[in-house]
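Chain by chain, the residues:
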Amino acid sequence: MNTTPSSPLHFTSTTASDRPRSDKDQPQIDATRRVRAGERALVLHGGGSAGNAWEIGVIAGLFDAGLDVTEADLIIGTSAGSTAAAQITSVAPTELLAAILSAAPQPRTGPVEPDGGRVPIGPVADHMKRTSRIIAAAEDAADMHRRMGAAALEMDAASDGSGQTRWRATVAARLPSQHWPERTMLIVAVDAHTGEPVVFDRHSGVDLVDAVAASTANGFGVPPYSIGDNRYIDGGYRRNENADLATGYGRVLVLSPFRGRSRHPQEWGMQLAAQVDELRVRGSSVETIFPDGHSLNAFGVNMMDLSTRGYNQGRALAEQLTEFWR
């Protein structure tokens, strides 16, 4: 069985002055030519609205305790983590936390799972069963990516096509700014037609809203997201955290709402522990933050409570992380 966790990673790219009408016109660029090694990288995993609330809470707690991780040289966002990445690069984390705390509690709309967000657009109740069957049938990670994309496209073929418009509006409403930040931010998705992982950044010629919408489209509750002639599904299908994209950075901080766990066979190397090993072998120092027991119990129940728990956790961790980060 192939132990390679994913296909070769590609960036979408366009010229600075001309955005193509179709992603097929975009040359594919090897990842090593786009991401330059730096000092500090922040990695944000998914986990739906619950994971987003916890991550914002942690980052706000660190910020209030004097440690601003939003100043990272590189920020990597996957699935709901892409939403958090876009949010923290445009608004202070304390403002984001205040917005969560002032919002009315939202009822649960379905089970939380590691591979993507949760939204009442389509039939999400059997998402876990459906994706688990695909994982079980796949020969390796690359085969799983292709099968996920094919199944998502097949499921969407019977829809009326309105899901994309609604999802884009939902994502846009969550972002304080719809402009890419000047600092390096990577948003991960998977091409639904080919199964190849794709990374969007500010040089891709793709609107930030569309990049985040693609990364958060789990393919079943949320249909594959169209950009040009291409369709994309959740970046978490590549790897939940995609922390390995921070290779070459001296210090890497990973926030993983699902504690680095993976539903995939261990030999595929999809779990966070494998990514951390890869980073450390290549010279990076890595720290991870997972929800504590109280935060895990609050997942999907009360976003305000979850953010508060994340905030307290961030404040408590700030002192020990300061030396690592600075």
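Residue numbers run consecutively from 1 along every chain, following the written order of its sequence. At least 70 in pLDDT is required for a residue's local features to be given in this predicted model, at least 80 for side-chain atom pairs to be given and counted, and no such filter applies to totals for whole chains, interfaces and linings, which use all residues. Derived side-chain values reflect all non-hydrogen atoms in the structure, with water molecules and hydrogen atoms excluded from consideration.

**A closer look at the confidence of the model for the protein chain**
pLDDT measures how confident the predictor is about each residue, on a scale from 0 to 100. Looking at the protein chain as a whole, its pLDDT mean stands at 83, while 80% of the residues score no less than 70. Low pLDDT (under 50) marks residues 1-8, which in the prediction has 26 contacts with non-local residues, meaning those over four places away or in another chain. Throughout, a residue-residue contact means that at least one pair of heavy atoms, one from each residue, lies within 4.5 Å.

**Focus on unusual backbone geometry**
Backbone geometry places Ser79, a non-glycine residue, at a positive phi of 55 degrees. Think of it this way: any DSSP run of H or I at least four residues long counts as a helix, any run of E at least two long counts as a strand, and we number them from the N terminus. Structurally, Ser79 can be placed in the loop between strand S4 (74-78) and helix H2 (80-88). Positive phi, normally seen in glycine, also occurs at Arg259, with a value near 60 degrees. Position of Arg259 relative to the elements: it lies in the loop between strand S9 (251-255) and helix H8 (272-281). A relative accessible area of 36% means that Arg259 is categorised as partly exposed. In this scheme, a residue with accessible area under 20% of its type's maximum is buried, one over 50% is exposed, and one in between is partly exposed, where area comes from a 1.4 Å probe on protein chains only.

**Some points on the side chain of Asp156**
The residue Asp156 is located in helix H5 (residues 141-156) in this model. We define a polar contact as two N or O atoms separated by no more than 3.5 Å, with the added condition that, inside protein, one atom must be a possible hydrogen donor and the other a possible acceptor, whereas residues neighbouring each other in sequence contribute only through side-chain atom pairs. Among the polar contacts listed, one links the side chain of Asp156 to the side chain of Arg231, at a separation of 2.8 Å. Beyond its immediate stretch of four places on either side in the chain, Asp156 contacts Pro223, Pro224 and Arg231.

**Overview of the packing of helix H4 (residues 127-137) against H5**
Contact pair H4 / H5: the axes reach a minimum separation of 9 Å and the direction vectors enclose 140 degrees. Between H4 and H5, the angle falls in the class oblique. Considering how the two elements wind past one another, H4 and H5 form a crossing that is right-handed. Contacts between H4 and H5 pair Arg130, Thr131, Ile134, Ile135 and Ala137 from the former with Asp143, Met144, Arg147, Met148, Ala151 and Met155 from the latter. When residues are sorted by character, Ala, Val, Leu, Ile, Met, Phe, Trp, Tyr, Cys and Pro go into the nonpolar class, Asp, Glu, Lys and Arg into the charged class, and all the rest, Gly among them, into the polar class. Looking at the contact of H4 with H5 residue by residue, the class counts come to seven nonpolar, one polar and three charged. To obtain each axis, a line is fitted to C-alpha atoms, and for helices this fit is confined to the stretch in contact; angles are then taken between N-to-C directions over 0 to 180 degrees. An angle counts as roughly parallel when it lies under 35 degrees, as roughly antiparallel when it exceeds 145, as roughly perpendicular when it falls between 65 and 115, and as oblique in every other case. Each crossing gets its hand from how the near helix is turned against the far one by less than a right angle, where anticlockwise is left-handed and clockwise is right-handed.

**With respect to the nonpolar core**
Judged by nonpolar contacts, the single largest core of 54 residues is most densely connected at Leu42, Leu44, Leu62, Phe200, Leu253, Leu255 and Ile289. Tallying contributions element by element places helix H1 (residues 48-64) first for this core, with eight residues. The residues contacting Leu62, other than those within four sequence positions of it, are Leu67, Val69, Ile289, Gly314, Arg315, Leu317, Ala318 and Leu321. Take the buried residues of types Ala, Val, Leu, Ile, Met, Phe, Trp, Tyr and Cys, join any two whose side-chain atoms come within 4.5 Å, and each joined set is a nonpolar core. In this structure, Val252, Val254, Leu272 and Val276 belong to the second largest nonpolar core, which totals 17 residues.

**Overview of the pairing of S9**
Regular strands show a simple pattern: their side chains alternate between the two faces of the sheet. In terms of burial, S9 is a largely internal element, five of the five residues being buried. When DSSP finds at least two bridges between two strands, those strands are taken to pair. Examined bridge by bridge, strand S3 (residues 40-44) and S9 share five bridges and lie parallel to one another. Counterpart to Ala41 in the pairing with S9 is Val252. Pairing of S9 with strand S10 (residues 285-289), which is carried by five bridges, proceeds in the parallel orientation. Residue Val254 lies in a different strand from S10, and its bridge partner there is Thr288. Considered for its hand, the β-α-β crossover made up of S9, H8 and S10 is right-handed. Orienting the strands away from the viewer, one traces the path from the first strand over the helix to the second; a clockwise path indicates a right-handed crossover.

**Topic: the packing of aromatic side chains**
Each pair of aromatic rings is reported with the distance of its centres and the angle of its planes. Only Phe, Tyr and Trp rings take part, Trp by its six-membered ring, and two of them pair if their centres are within 6.5 Å. Stacked means planes under 30 degrees apart, edge-to-face means over 60, and tilted covers everything else. Evaluation of the coordinates by the stated rule reveals two aromatic pairs. Ring geometry for Phe200 versus Tyr232: centroids 5.2 Å apart, planes at 75 degrees, classification edge-to-face. Taken together, the residues span a long stretch of sequence, with Phe200 in strand S6 (residues 197-200) and Tyr232 in strand S8 (residues 230-234) at a distance of 32 residues. The exposure classification of Phe200 matches that of Tyr232, with both residues buried. Judged by centre distance (6.4 Å) and plane angle (45 degrees), the rings of Phe324 and Trp325 are tilted. Considered together, Phe324 and Trp325 belong to a single accessibility category, that of buried residues.

**As for the packing of H1 against helix H3 (residues 93-102)**
Following both chains from N to C, one finds H1 and H3 inclined at 135 degrees, their axes separated by 8 Å at the closest point. Relative to H3, H1 is oriented oblique. At the point where H1 passes H3, the crossing takes the left-handed sense. Facing Ala53, Ile56, Gly57, Ile59, Ala60, Phe63 and Asp64 of H1, the residues of H3 in contact are Pro93, Thr94, Leu96, Leu97 and Ile100.

**Concerning the pairing of S4**
Counting buried positions along S4 yields five of five residues, so the element is predominantly enclosed. Residues of S4 alternate between two faces, with Leu74, Ile76 and Thr78 on one and Ile75 and Gly77 on the opposite face, all of them buried. In this structure, S3 lies alongside S4, joined through four bridges in parallel fashion. By the bridge assignment, Leu44 is partnered in S4 with Gly77. With H1 bridging S3 and its parallel neighbour S4, the resulting β-α-β unit is right-handed.

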